[in-house]
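Geometric and topological summary
Residues per chain are reported as follows:
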Amino acid sequence: MPLAQHTDTAVDKSVVVVGGGDTAVTMALHLAKVAKAVRVVVRGSESKATINKLAEVSKTPNISVMFETQLESATGPDASTVAHVTLRHIGEENATVVPCDAVYLCLGSAPHTDMFDSALLQKDPEGYIVLTESGSQATSVHGVFVAGDVSTNPWKSSGPAVGAGAIARDREG
């Protein structure tokens, strides 16, 4: 099916992708085809994505990348909807609140999910974010999707993670 049929949650919206590897960059490139703006938040000083993917990102005008930045929170009008994120540049005291319509978590092999409140975003005992329905990357918070190794998806490798990213992009929580 054409990409446009799978991107309803991002069409003409501002979205945030959290992660610095191939999964995050691939997700950002797919979302950029339909989203108004894609902001990639990378905790480190550089991306671990392939050179070809990074070159593609640099040529995509609606993708911005924020290095040495971490997501502190995703909040909205109620506990089940995201309307903005709070981002903090590492080493700085002040955080920035950024409006967004969806957040895509595309993080690494260890589930670095401590930044998310378990009371809002359901996690299993090991810290993996629980998927709310089979065949979906939706979480317990509307507008927050996960892809890659932070989810309870049983396949933990880059191929399934990219596929999970596509599912996250396509579904509305």
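Each residue is numbered by its place in its chain's sequence as written, counting from 1. For a predicted model such as this one, the threshold for reporting local features is a pLDDT of at least 70, and the threshold for listing and counting side-chain atom pairs is 80 or more; totals across whole chains, interfaces and linings nevertheless cover every residue. As a rule here, side-chain values cover all heavy atoms of the structure and leave hydrogens and water aside.

1. A closer look at the overall build of the chain
Short version of the rule: Only DSSP runs of H or I covering at least 4 residues are called helices, and only runs of E covering at least 2 are called strands; the numbering of each starts at the N terminus. The rule is simple: take the accessible area with a 1.4 Å probe, protein chains only, and divide by the maximum for that residue type; under 20% is buried, over 50% is exposed, in between is partly exposed. In this description, contact between two residues means that some pair of their heavy atoms is separated by no more than 4.5 Å. Surface accessibility in these figures is a Shrake-Rupley result with a 1.4 Å probe; residues are shielded only by whichever protein chains are displayed.
Looking only at helices and strands, the chain has 3 helices and 8 strands in total. The secondary structure elements of the chain, listed N-terminal to C-terminal, are β-α-β-α-β-β-β-β-β-β-α. In the chain, which comprises 173 residues, the share counted as buried stands at 43%. A separation of at least 24 residues holds for 51% of the contacts in the chain among residues at least 6 apart in sequence. Here the chain displays about 8600 Å² of accessible surface, and carbon together with sulfur accounts for 52% of that area.

2. Concerning the environment of G127
Structurally, G127 can be placed in the loop between β7 (102-107) and β8 (144-148). Taking C-alpha positions, G127 is 9.7 Å from F116, a pair spaced 11 residues apart along the chain.

3. Re the nonpolar core
Filter applied, for reference: We define the nonpolar core as a collection of buried residues of types Ala, Val, Leu, Ile, Met, Phe, Trp, Tyr and Cys that are connected through side-chain atoms lying within 4.5 Å of one another.
Counting residues in hydrophobic clusters, the biggest one holds 24 residues, and the most contacted among them are V15, V17, L31, V38, I63 and Y104. For this core, the secondary-structure elements that each account for two or more residues are β1 (14-18), α1 (22-32), β2 (37-41), β7 and β8. Sorting elements by how many residues they give to this core places α1 first, with 7 residues. In contact with V15, other than residues within four places in its own chain, are A10, L31, A35, A37, V38, R39, A102 and Y104. In this structure, V82, L131, V144 and V146 belong to the second largest nonpolar core, which totals 20 residues.

4. Some thoughts on α1
Most of α1 is tucked away: 9 of the 11 residues are buried. Of all the residues in α1, the buried ones are T23, A24, V25, T26, M27, A28, L29, L31 and A32.

5. Focus: the sheet that holds strand β5 (residues 84-89)
So the rule is basically this: Whether two strands pair depends on DSSP finding at least two bridges between them. For helices, the axis comes from a line fit to the C-alpha atoms of the stretch in contact; other axes are also lines fit to C-alpha atoms, and the angle between any two N-to-C directions lies between 0 and 180 degrees.
Spatially, the 3 strands line up as an open sheet ordered β4-β5-β6, and their pairing is antiparallel. A strand with exactly one partner marks an edge of an open sheet, and here the two such strands are β4 (69-75) and β6 (95-99). Taking each pair of neighbouring strands and ignoring which way they run, the sheet shows an average axis angle of 25 degrees. Looking at chain direction, β4 and β5 are connected through 6 bridges and run antiparallel. When the bridges of β5 are listed, T75 appears paired with H84.

6. Side note on the pairing of β5
Where β5 and β6 come together, 5 bridges link them in antiparallel fashion. Bridging from a neighbouring strand, R88 pairs with A95 of β6. Between β5 and β6, which follow one another and run antiparallel, lie 5 residues, and G91 among them has a positive phi close to 95 degrees.

7. Concerning unusual backbone geometry
One non-glycine residue, D12, lies in the positive phi region at around 55 degrees. Note that D12 resides in the segment before β1. Classification of D12 as exposed rests on a relative accessible area of 59%.

8. Describing the pairing of β7
Buried residues dominate β7, accounting for 6 of its 6 residues. Residues A102, Y104 and C106 of β7 are buried on one face, and the alternating residues V103, L105 and L107, pointing to the opposite face, are buried as well. Of the strand pairs in this sheet, β1 and β7 are connected by 4 bridges, and their pairing is parallel. Paired with V15 across the strands is A102, a residue of β7.

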